[in-house]
Amino acid sequence: MSEPLLSLAELTAEEQQLVASAELAAQRAYCRYSKYAVGAALQASSGRIYSGCNVENASYGATLCAERAAVCALVAAGERRIHAVCVYARAEPMPMPCGVCRQVISEFCRDATVLVAGPRGVLRRSFKALLPDAFELSPDEDAP
């Protein structure tokens, strides 16, 4: 990432809260194999924040990324719209969402603010910049 990173002071209060929620989730990660703890926080269109952490498994394919864990929490609470996303890791590299997570997030938003955060700072992007042409089976008028 060659883009300049923002400091926490350069973020809105809402964004700072999202980063703090993702950082707290990362502290709860179960990452005994990679030792790469990741936390994610999603702000729903209601304003509520849902978080998740990576949960690894000896069968690597069964590992759940933090972003998808947060989406599951959002859906389980009855929400369907994502307004903003933050992914946090204390270690390098910065925790850019993987392709599967981008596609899962796209089910609940077409565009949102995405914050990728770590001790060095925060990268702010739009979701459309991360996944410009998300796969859709059938566009729904009620889709985010």
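None of these values were measured; they are calculated from a predicted model.

### Considering the nonpolar core
Next, step 1: Among the nonpolar cores identified, the biggest contains 24 residues, and Leu-42, Ile-82, Val-85, Ile-105 and Phe-127 are the most heavily contacted of them.
Next, step 2: Within the residue set of this core, elements represented by two or more residues are β1 (38-44), α2 (66-76), β3 (82-89), β4 (113-118) and α4 (127-130).
Next, step 3: Beyond its immediate stretch of four places on either side in the chain, Ile-82 contacts Leu-42, Gln-43, Ala-44, Val-71, Leu-74, Ile-105, Phe-108, Cys-109, Asp-111 and Ala-112.
Next, step 4: Residues Leu-18, Ala-84, Cys-86 and Tyr-88 belong to the second largest nonpolar core, which totals 12 residues.

### What about the environment of Leu-11?
Next, step 1: As for its position among the elements, Leu-11 is in the segment before α1 (13-27).
Next, step 2: In this structure Leu-11 comes out as buried when scored by relative accessible area, which is 6%.
Next, step 3: Sequence separation between Leu-11 and Val-122 is 111 residues; the distance between their C-alpha atoms is 8.7 Å.
Next, step 4: In this structure Leu-11 touches Leu-6, Gln-16, Val-19, Val-122 and Arg-124, once residues within four positions along its chain are discounted.

### Topic: the packing of α2 against helix α3 (residues 99-106)
A pair of packed helices can be characterised by two numbers: the angle between their axes and the separation between those axes.
Next, step 1: Viewed as axis vectors pointing N to C, α2 and α3 meet at an angle of 20°, and their least axial separation amounts to 9 Å. By the angle between their directions, the pair α2 and α3 is classed as roughly parallel. Both α2 and α3 take part in a crossing whose hand is left-handed. The residues of α3 that touch α2, namely those facing Glu-67, Arg-68 and Val-71, are Val-100, Cys-101, Val-104 and Ile-105.

Calculation criteria
All residue numbers refer to positions counted from 1 along the written sequence of the respective chain. This being a predicted model, a pLDDT of at least 70 is required before a residue's local features are given, and a value of 80 or more before pairs of side-chain atoms are given or counted; all residues contribute to the totals for chains, interfaces and linings. As a rule here, side-chain values come from all non-hydrogen atoms in the structure, and water together with hydrogens is ignored. Among buried residues, those of type Ala, Val, Leu, Ile, Met, Phe, Trp, Tyr and Cys that are joined through side-chain atoms within 4.5 Å constitute a nonpolar core. Exposed residues in this analysis have more than 50% of their type's maximum accessible area, buried residues have under 20%, and partly exposed residues fall in between, with area computed by a 1.4 Å probe over protein chains only. Helical segments are the DSSP runs of H or I of at least four residues, strand segments are the runs of E of at least two, and each set is numbered from the N terminus. Residue contacts are defined here by distance: any two heavy atoms, one from each residue, within 4.5 Å place the two residues in contact. Between the N-to-C directions of two axes lies an angle of 0 to 180 degrees, each axis being a line fitted to C-alpha atoms and, for a helix, fitted only over the stretch in contact. For this classification, under 35 degrees means roughly parallel, over 145 means roughly antiparallel, 65 to 115 means roughly perpendicular, and everything else is oblique. A crossing counts as left-handed when the near helix is turned anticlockwise from the far one by less than a right angle, and as right-handed when that turn is clockwise.

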